[in-house]
Amino acid sequence: MGCSGRISYILGILLFLALVCEARVPGSGAFVRTKGARFVLNGSPFLFNGFNSYWLMDVASDPSQRYKVTQVLRDAAAAGLSVCRTWAFSDGGGRALQISPGTYDERVFQGLDFAISEARKYGIRLILSFVNNYNDFGGRAQYVQWARNAGVQISNDDNFFTNLVLKGYYKNHIEKVITRFNTITRVAYKDDPTIMAWELMNEPRCQADYSGRTINGWVQEMATHVKSMDRKHLLEIGMEGFYGDTMPERKQINPGYQVGTDFISNNMIKEIDFATIHAYPDIWLSGQNDDAQMAFMQRWMSSHWDDSRRILKKPLVIAEFGKSSKDPGYSLNVRDSFMSTIYRSIYNFARGRGTLGGGLVWQLMAEGMESYYDGYEIVLSQSPSTGGVISQQSHAMTALSHLFSGPHSHPMSHAHGVINRHETLNQAHHRHALHKGKNGHAFRRRHGRKSDP
């Protein structure tokens with residue numbers, strides 16, 4: 001091969017690698033958007049399979065432990081997972097991001113920088129949450145304590161949603177995160193397509209007002225504040241999906257109680273781009289058998305999918321679900337079967353009209369993270385059967401995205417676009433390919449999961 005031939009060959013290889021990198025790395029310029037009740041990316045439908053790993057920043061704040069973040073993101077990408085939800089908060093206490101109102105630990109912020117840069121490297125988009133409803137990693141209780149220390153009269157933690165000082169603290173944190181300049185990628189968070197969406201709060205609840213109106217006012221104010229600084233990224237609330245007073249007949253879908261949110265009115269706020277639900281029938285209905293819990297799960301998903309499609313006209317994400325090893329009768333086979341059933345429902349709702357964009361299993365961890373275990377942990381390198389279930393769902397959702405993208409295609413009109421009750425996700429993917437040719441009482445995020453209120 002002559003000199004010019006070698007140069008052409010090398011240039012060709014470099015061009016190929018550049019195209020591969022651009023296709024793989026979300027930082028190449030494409031933000032996830034919504035179009036009606038669908039997510040879109042580069043103008044095409046975006047359906048996904050994803051996961052929660054709330055601990056990314058916390059672990060990455062220690063440079064000697066960052067390999068665990070890399071391991072999880074690498075293994076997740078290999079399993080076809082493309083969206084990860086994680087915390088952009090740690091308020092007060094040990095290894096805090098926000099040490100006190102407006103005072104931040106740069107080392108911890110650099111841990112979040114690293115998590116975002118690694119997600120970009122492995123083609124995974126992030127949903128970043130601003131604050132916790134619960135006490136783990138500080139939460140709104142820490143904000144209340146800060147205000148009391150400053151001499152502000154606070155009656156209870158629910159004042160977080162109404163007190164001017166507390167709302168000011170929170171707005172300042174939002175601004176600090178959104179305007180952060182990543183020390184590794186050299187891109188401001190607000191300009192980084194690696195971030196798919198912001199989340200106002202992990203599981204907001206308000207005991208002072210079960211109707212949902214107090215949280216509705218807070219969501220409206222904070223969503224407007226976020227959008228005033230950043231209109232490139234999507235925004236969601238972080239809700240579990242409990243119904244309130246807007247549609248009283250829907251309250252019978254709740255697992256026997258309300259938590260101060262209103263799935264309908266809260267998500268109708270125009271600045272909120274998509275709705276979320278969480279689902280823990282093993283906790284919410286702990287006294288009932290597996291069949292009753294699964295029946296609730298199916299009603300929970302179906303009701304919210306229908307409301308998102310008909311009333312909200314916005315996409316829906318199953319943002320948390322899982323199976324705990326602490327549940328009676330637990331085994332890996334039970335977990336795999338549970339996840340397969342949920343994944344099949346997610347797929348069928350997604351193909352129905354695309355409103356359900358995907359699900360985020362709770363939660364992936366790396367090897368050597370036993371101190372973080374909460375019963376729901378999944379270590380892909382140690383759970384090949386569960387990894388297989390996850391991979392099959394990832395492939396099926398990707399195939400469905402391609403099906404939606406086809407000319408004049410509507411999934412309801414194609415027999416090849418359906419997974420029936422007796423078909424595995426892997427079989428469905430094969431058929432598509434052929435066609436195409438918590439520690440507190442309410443929350444145990446650190447070493448356990450949530451319990452009843």
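Residues numbered from 1 in each chain as written. Predicted model: local features only at pLDDT ≥ 70, side-chain atom pairs only at ≥ 80, totals over all residues. Heavy atoms only, no water.

- As annotated in an unreviewed UniProt entry, the protein is mannan endo-1,4-beta-mannosidase from Escallonia rubra.
- Turning to the protein, the UniProt record has this under Catalytic activity (unreviewed entry): "Random hydrolysis of (1->4)-beta-D-mannosidic linkages in mannans, galactomannans and glucomannans."
- One UniProt comment on the protein, placed under Sequence similarities (unreviewed entry), says "Belongs to the glycosyl hydrolase 5 (cellulase A) family." (UniProt positions renumbered as here; feature names shortened; annotations may be inferred.)

### So, the environment of Ser211
Link 1 in the chain: Within the secondary structure, Ser211 sits in the loop between β9 (195-199) and α7 (213-229).
Link 2 in the chain: Along the backbone, Ser211 and Gly244 are 33 residues apart, and their C-alpha atoms lie at a distance of 5.2 Å.
Link 3 in the chain: Engagement of the side chain of Ser211 in a polar contact is seen with the backbone nitrogen of Arg213, the distance being 3.1 Å. (Helix = DSSP H or I, 4+ residues; strand = E, 2+ residues; numbered from the N terminus. Polar contact = N/O pair within 3.5 Å; in protein donor to acceptor, adjacent residues only side chain to side chain.)

### Let's talk about the side chain of Gln363
Link 1 in the chain: Mapped onto the elements, Gln363 comes out in the loop between β13 (356-362) and α12 (384-405).
Link 2 in the chain: Classification of Gln363 as buried rests on a relative accessible area of 0%.
Link 3 in the chain: Those residues in contact with Gln363 that lie beyond four places of it in its chain are Asn52, Ser53, Tyr54, Trp55, Asp374, Tyr376, Glu377 and Ile378. (Buried < 20%, exposed > 50% of the residue type's maximum accessible area, 1.4 Å probe, protein only. Contact = heavy atoms within 4.5 Å.)

### Side note on the pairing of β13
Here is the key point about a regular strand: its side chains alternate between the two faces of the sheet.
Link 1 in the chain: Taken across its seven residues, β13 has seven buried, putting it largely inside the fold.
Link 2 in the chain: Pairing analysis gives five bridges linking strand β4 (residues 48-52) to β13, with the strands arranged parallel. Following the sheet pairing, Phe51 is matched in β13 by Val361.
Link 3 in the chain: Direction of pairing for strand β12 (residues 316-321) relative to β13: parallel, over a ladder of four bridges. In the sheet register, Ile318 faces β13, and the bridge partner there is Gly359. (Pairing = 2+ DSSP bridges.)

### Quick look at the packing of helix α5 (residues 139-149) against helix α6 (residues 164-178)
Each packed pair of helices is defined by two parameters, the angle between the axes and the distance between the axes.
Link 1 in the chain: Put simply, α5 and α6 touch, their axes get as near as 10 Å, and they point 120 degrees apart. Taken together, α5 and α6 sit at an angle that is classed as oblique. The two elements α5 and α6 cross, and the hand of that crossing is right-handed. Along the contact surface, α5 presents Tyr143, Val144, Trp146 and Ala147, while α6 presents Val165, Leu166, Tyr169, Tyr170 and His173.
Link 2 in the chain: A class-by-class count of the residues in the contact of α5 with α6 yields eight nonpolar, one polar and no charged. (Axes fitted to C-alpha atoms, helices over the stretch in contact; angles between N-to-C directions. Parallel < 35°, antiparallel > 145°, perpendicular 65-115°, else oblique. Left-handed = near helix turned anticlockwise from the far one by under 90°. Nonpolar A, V, L, I, M, F, W, Y, C, P; charged D, E, K, R; others polar.)

### Things to note about helix α4 (residues 106-121)
Link 1 in the chain: Compared with the 22 Å implied by 1.5 Å per residue over 16 residues, the 22 Å span of α4 between its first and last C-alpha is a close match.
Link 2 in the chain: Looking only at α4, the buried set comprises Val108, Phe109, Gly111, Leu112, Asp113, Phe114, Ala115, Ile116, Ser117, Glu118 and Ala119.
Link 3 in the chain: For α4, the side-chain oxygen to backbone nitrogen distance between the N-cap and Arg107 is 2.9 Å, and the N-cap itself is Asp105.
Link 4 in the chain: Positive phi shows up at Gly123, right after α4, with a value of about 70 degrees. (Expected span 1.5 Å × (residues − 1).)

### Concerning unusual backbone geometry
Link 1 in the chain: Note the cis peptide between Trp362 and Gln363, where omega equals 0 degrees.
Link 2 in the chain: Notably, Arg186 is not glycine yet its phi reads approximately 65 degrees, a positive angle.
Link 3 in the chain: With respect to the secondary-structure elements, Arg186 resides in the loop between α6 and β9.
Link 4 in the chain: Classification of Arg186 by relative accessible area gives exposed; the value is 53%.
Link 5 in the chain: Backbone geometry at Glu203 places phi at a positive 55 degrees, although glycine is not the residue there.
Link 6 in the chain: By the element assignment, Glu203 lies in the loop between β9 and α7.

### Regarding the nonpolar core
Link 1 in the chain: Phe51, Trp55, Tyr170 and Trp198 are the most contacted members of the largest nonpolar core, which has 116 residues in total.
Link 2 in the chain: The contacts of Tyr170, once residues within four sequence positions are left out, are Phe130, Val131, Tyr143, Phe160, Leu200, Trp218 and Met222. (Core = buried A, V, L, I, M, F, W, Y, C linked by side-chain atoms within 4.5 Å.)

### Quick word on the sheet that holds strand β2 (residues 38-41)
Link 1 in the chain: If you walk across this open sheet you meet the three strands as β1-β2-β3, and the pairing is antiparallel. Every interior strand has two partners, whereas the edge strands, β1 (33-35) and β3 (44-45), have only one.
Link 2 in the chain: As judged from the two bridges shared by β2 and β3, these two strands associate in the antiparallel manner. Paired with Leu41 across the two strands is Ser44, which belongs to β3.

### So, the environment of Ala37
Link 1 in the chain: Here Ala37 shows up in the loop between β1 and β2.
Link 2 in the chain: Considering only alpha carbons, one finds Ala37 and Leu316, 279 residues apart in sequence, at a separation of 7.9 Å.
Link 3 in the chain: Beyond its immediate stretch of four places on either side in the chain, Ala37 contacts Lys313, Lys314, Pro315, Gly354 and Thr355.

### Observations concerning the packing of aromatic side chains
Link 1 in the chain: Throughout the structure, instances matching the rule amount to 28 aromatic pairs.
Link 2 in the chain: Taken together, the ring pairs in this structure connect Tyr143, Trp146, Phe160, Phe161, Tyr170 and Trp218 into an aromatic cluster.
Link 3 in the chain: Note that Lys323 overlies the ring of Phe338, its terminal NZ or CZ placed 5.4 Å from the centroid. (Phe/Tyr/Trp six-rings, centres within 6.5 Å; stacked < 30°, edge-to-face > 60°. Lys NZ or Arg CZ within 6 Å of the ring centre and 35° of its normal.)

### Structural notes on helix α10 (residues 290-312)
Link 1 in the chain: In this model α10 runs 31 Å from its N-terminal to its C-terminal C-alpha over 23 residues, within 8% of the 33 Å that 1.5 Å per residue would give.
Link 2 in the chain: By the N-cap criterion, in which a side-chain oxygen at the helix start approaches the backbone nitrogen of a residue two or three places on, α10 is capped by Asn289, the distance to Asp291 being 3.2 Å.
Link 3 in the chain: Two residues or fewer after α10 comes Lys313, characterised by a positive phi angle close to 55 degrees.

### Thoughts on the sheet that holds strand β11 (residues 275-279)
Link 1 in the chain: Across the sheet, eight strands lie side by side as β10-β9-β8-β5-β4-β13-β12-β11; this open sheet has parallel pairing. Edge strands, defined here as strands with exactly one partner in the open sheet, are β10 (234-236) and β11. For this sheet, the mean inter-axis angle between neighbouring strands, taken without regard to orientation, is 25 degrees.
Link 2 in the chain: Inspection of the sheet shows β9 paired to β10 by three bridges, in the parallel sense. Within β10, the position partnered with Glu199 by the bridge is Glu236.

### What to know about empty space enclosed by the protein
Link 1 in the chain: Its boundaries defined by the atoms lining it, the largest cavity holds a volume of some 40 Å³.
Link 2 in the chain: Gln71, Val72, Asp75, Leu364, Met365, Ile378, Val379, Leu380 and Ser381 together form the lining of the largest cavity.
Link 3 in the chain: Partitioning the lining of the largest cavity into residue classes produces six nonpolar, two polar and one charged. (1 Å grid on protein atoms, 1.4 Å probe; cavity = no way out; pocket = protein on both sides within 12 Å on 5 of 7 lines; lining within 4 Å. Points joined across faces, edges and corners; volume = space filled by probe spheres on them.)

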